[in-house]
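What follows is each chain in one-letter form.
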Amino acid sequence: MSNLNLKNYMEDVVLKKLNSLLAERSSICNCDHCKKDIMAIALNNLPPRYIVTEKGEIYSKIDSLMVQFSTDVTAEIVKAIEKVNKSPRH
């Protein structure tokens, strides 16, 4: 197999948006365990965006600027925050 780096770009999108949402809400636990639980729940409910090349990353970044894409990501993260906040595992 060649030396290609396969990456789910959605992980970066969710992490960036999650950090932004947690910064706005001090009442939500932002320990590593809770953040990973929130990310896992949100990512399982969002379509993956796998990239291999820089060109693929550019297309994914352009796609992430679309309003509906941003709304879908935010909605899934908020649902995940509510779920983890009700039953934190830390």
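Note: the structure precedes this text.
Everything quoted here is computed from the prediction, not taken from an experiment. (Residues numbered from 1 in each chain as written. Predicted model: local features only at pLDDT ≥ 70, side-chain atom pairs only at ≥ 80, totals over all residues. Heavy atoms only, no water.)

### Considerations on the packing of helix α2 (residues 32–44) against helix α4 (residues 67–86)
Then step 1. Two elements in contact, α2 and α4, have axes separated by 8 Å at closest approach and are oriented at 130°. Of the possible angle classes, the one that applies to α2 and α4 is oblique. Of the two possible hands of crossing, α2 and α4 adopt the one that is right-handed. Residues Cys34, Asp37, Ile38, Ile41 and Ala42 of α2 lie in contact with α4, whose contacting residues are Glu76, Ile77, Ala80, Ile81, Lys83 and Val84.
Then step 2. Across the contact of α2 with α4, the residue classes tally to 8 nonpolar, no polar and 3 charged. (Axes fitted to C-alpha atoms, helices over the stretch in contact; angles between N-to-C directions. Helix = DSSP H or I, 4+ residues; strand = E, 2+ residues; numbered from the N terminus. Parallel < 35°, antiparallel > 145°, perpendicular 65-115°, else oblique. Left-handed = near helix turned anticlockwise from the far one by under 90°. Contact = heavy atoms within 4.5 Å. Nonpolar A, V, L, I, M, F, W, Y, C, P; charged D, E, K, R; others polar.)

### Quick look at the nonpolar core
Then step 1. With 20 residues, the main nonpolar core has Met10, Val14, Leu18, Ile38, Val73, Ile77 and Ile81 as its most contacted residues.
Then step 2. Counting only elements with at least two residues in this core, the list comes to α1 (9–24), α2 and α4.
Then step 3. For this core, the element with the highest residue contribution is α1, accounting for 7 residues.
Then step 4. For Leu18, the contacting residues outside a window of four places in its chain are Lys35, Ile38, Met39, Ile77 and Ile81. (Core = buried A, V, L, I, M, F, W, Y, C linked by side-chain atoms within 4.5 Å. Buried < 20%, exposed > 50% of the residue type's maximum accessible area, 1.4 Å probe, protein only.)

### Examining α1
Every α-helix carries 3.6 residues per turn, so stepping three or four residues along brings you back to the same face.
Then step 1. The terminal C-alpha atoms of α1, which comprises 16 residues, lie 24 Å apart, in line with the 22 Å expected from a rise of 1.5 Å per residue.
Then step 2. Of all the positions in α1, only Tyr9, Met10, Val13, Val14, Leu18, Leu21 and Leu22 are classed as buried. (Expected span 1.5 Å × (residues − 1).)

### Quick look at the packing of α1 against α2
Then step 1. Closest axis-to-axis distance for the α1/α2 pair is 10 Å, and the angle between their directions is 130°. The orientation of α1 relative to α2 falls into the category oblique. With respect to the hand of their crossing, α1 and α2 are arranged in right-handed fashion. Between α1 and α2, the residues in contact are Met10, Glu11, Val14, Leu15, Leu18, Asn19 and Leu22 and Lys35, Ile38, Met39, Ala42 and Leu43, respectively.
Then step 2. Looking at the contact of α1 with α2 residue by residue, the class counts come to 9 nonpolar, 1 polar and 2 charged.

### A few points about a nonpolar patch on the surface
Then step 1. A grouping of Leu4, Leu6, Tyr50 and Val52 is seen on the molecular surface, where their side chains present a nonpolar patch of about 450 Å² in accessible area.
Then step 2. Note on placement: Val52 falls in the loop between β2 (50–51) and α3 (54–64). (Patch = residues over 30% accessible without salt bridge, like charges linked within 9 Å, V, L, I, M, F, W, Y side chains within 5 Å. Areas by Shrake-Rupley, 256 points an atom, 1.4 Å probe, with all protein chains shown as cover. Salt bridge = Lys/Arg side-chain N within 4 Å of Asp/Glu carboxyl O.)

### Some remarks on the environment of Asp72
Then step 1. Note that Asp72 resides in helix α4.
Then step 2. Exposure remark for Asp72: the relative accessible area of 35% places this residue in the partly exposed category.
Then step 3. A sequence separation of 26 residues divides Asp72 from Leu46, and the C-alpha atoms of the two residues are 8.0 Å apart.

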